[in-house]
Amino acid sequence: MTTTQAEWVRLFRSLHTPARPLALANAWDVASARVIEAAGAPAIATTSAGVAWALGSPDGDALARDRALDLIARIASAVAVPVTADIEGGYGQDAAGVAATVVGVVEAGAVGVNIEDGTRPPAELRERLTAARDAVEKAGGELFLNARIDTYLFGLGDPATRLKDTLERARSYVAAGADGIFVPGVTDPTTLAALAADISVPLNVMAGPGAPDVAELGGLGVARVSLGSGVAQAAYAAARRAAQELYGTGGYQSLADGIAFPELNSLFAPR
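Report follows, based on the coordinates. This structure is a prediction, so every number in the text was calculated from the model and none was measured.

So, on to helix α5 (residues 95-107). Helix length check: α5 (13 residues) gives 19 Å between terminal C-alpha atoms against 18 Å at 1.5 Å per residue, within 8%. Every buried residue of α5 is listed here: Gly97, Val98, Ala99, Thr101, Val102, Gly104, Val105 and Val106. Along its buried surface, α5 packs onto α1 (5-14), α4 (65-78), β4 (112-116) and α6 (122-138). At the C-terminal side of α5, Gly109 shows a positive phi close to 105 degrees.

Printed below as a string of structure tokens:
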């Protein structure tokens with residue numbers, strides 16, 4: 001039986017629960033998505049930074065929409081779990097452009113997107129979220145809209161009022177159609193608990209070394225935990241170590257922890 005896009009979206013929504021937070025090791029190409037899926041991932045999320053780097057662009061809305069959508073479609077068709085895509089600010093100059101991107105994401109087979117406010121005025125993301133929601137509904141599709149708030153990641157505004165400002169943005173984004181709120185850049189338990197208590201939709205955070213583990217984050221009310229560009233950065237660090245060893249000492253020991261060729265190759269066998 002073929003799973004419809006709407007059924008994938010409903011499944012993806014159900015995975016957002018603090019009782020067992022949705023843990024996402026973000027992928028950037030088909031190979032990384034297959035490796036992550038094989039490790040037991042219930043869903044695949046892309047990292048916009050990793051995708052941009054793999055396609056030869058810097059992160060920060062520099063990647064062309066058609067190239068991003070092509071990559072999303074390739075990943076969605078390669079795995080047997082729901083896929084959510086990080087689309088930065090929406091790969092559009094305005095709300096209409098973002099709406100076109102989001103419709104393209106649905107057509108590519110993904111079930112969700114992250115859209116970030118960055119340093120834009122909050123009103124601009126509200127407009128983009130509303131346009132995205134309206135466009136998806138008009139097209140007869142469904143989508144999990146995850147609104148990213150960058151107050152902590154970029155250190156925006158007065159630290160004394162940052163929590164208040166973040167919660168105000170969250171409420172306005174939910175009113176504009178957001179299904180989830182993503183607040184990267186904060187792992188402090190007190191702040192996370194305050195965010196989770198005051199946000200009416202699933203809270204997503206970004207984790208890395210030094211952050212509480214997934215279960216601890218769930219205990220604070222977090223429903224979704226992402227690794228962001230961290231996995232891609234670690235993979236590129238492995239490539240750098242191998243190259244530095246080769247061109248330094250002439251050795252190869254850094255390759256010892258690689259995935260065995262037969263195992264990796266088997267991930268691409270016809271299903």
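Right, let's talk about the environment of Val183 for a bit. Along the polypeptide, Val183 turns up in the loop between β6 (180-182) and α8 (189-198). Residue classification places Val183 among the buried residues on the basis of a relative accessible area of 0%. Sequence separation between Val183 and Ile149 is 34 residues; the distance between their C-alpha atoms is 5.2 Å. Setting aside anything within four residues of it in sequence, one finds Val183 in contact with Ile149, Tyr152, Thr166, Leu195, Leu203, Asn204 and Val205.

This part takes up the pairing of strand β5 (residues 144-148). As a general feature of sheets, a regular strand has side chains that alternate between the two faces. Extensive coverage of β5 is indicated by the burial of five of its five residues. Neither face of β5 is left uncovered, since the one carrying Phe144, Asn146 and Arg148 and the one carrying Leu145 and Ala147 both have all their residues buried. Pairing geometry for β4 and β5, over five bridges, is parallel. Of the residues in β5, the one forming a bridge with Val113 is Leu145. Once you follow β4 into α6 and on to β5, the crossover reads as right-handed. Both β5 and β6 contribute to a ladder of three bridges, which runs parallel. Bridge assignment links Ala147 to a residue of β6, and that residue is Ile181. Each parallel crossover has a hand, and for β5 linked through helix α7 (residues 162-175) to β6 it is right-handed.

The next subject is the sheet that holds β5. With parallel pairing, the eight strands of this open sheet are ordered in space as β1-β8-β7-β6-β5-β4-β3-β2. Each edge of the open sheet carries a strand with a single partner, namely β1 (22-24) and β2 (44-45). By the bridge criterion, two bridges tie β2 to strand β3 (residues 83-86) in an arrangement that is parallel. When the bridges of β3 are listed, Ile44 appears paired with Val83. Sheet strands touched by α6: β4 and β5. Its angle to β5, the strand with the most contacts, is close to 175 degrees.

Rules of the game
- Residues numbered from 1 in each chain as written.
- Predicted model: local features only at pLDDT ≥ 70, side-chain atom pairs only at ≥ 80, totals over all residues.
- Heavy atoms only, no water.
- Helix = DSSP H or I, 4+ residues; strand = E, 2+ residues; numbered from the N terminus.
- Expected span 1.5 Å × (residues − 1).
- Buried < 20%, exposed > 50% of the residue type's maximum accessible area, 1.4 Å probe, protein only.
- Contact = heavy atoms within 4.5 Å.
- Pairing = 2+ DSSP bridges.
- Right-handed = clockwise from strand over helix to strand, strands pointing away.
- Axes fitted to C-alpha atoms, helices over the stretch in contact; angles between N-to-C directions.

The values reported here are purely geometric and, on their own, carry no functional implication.
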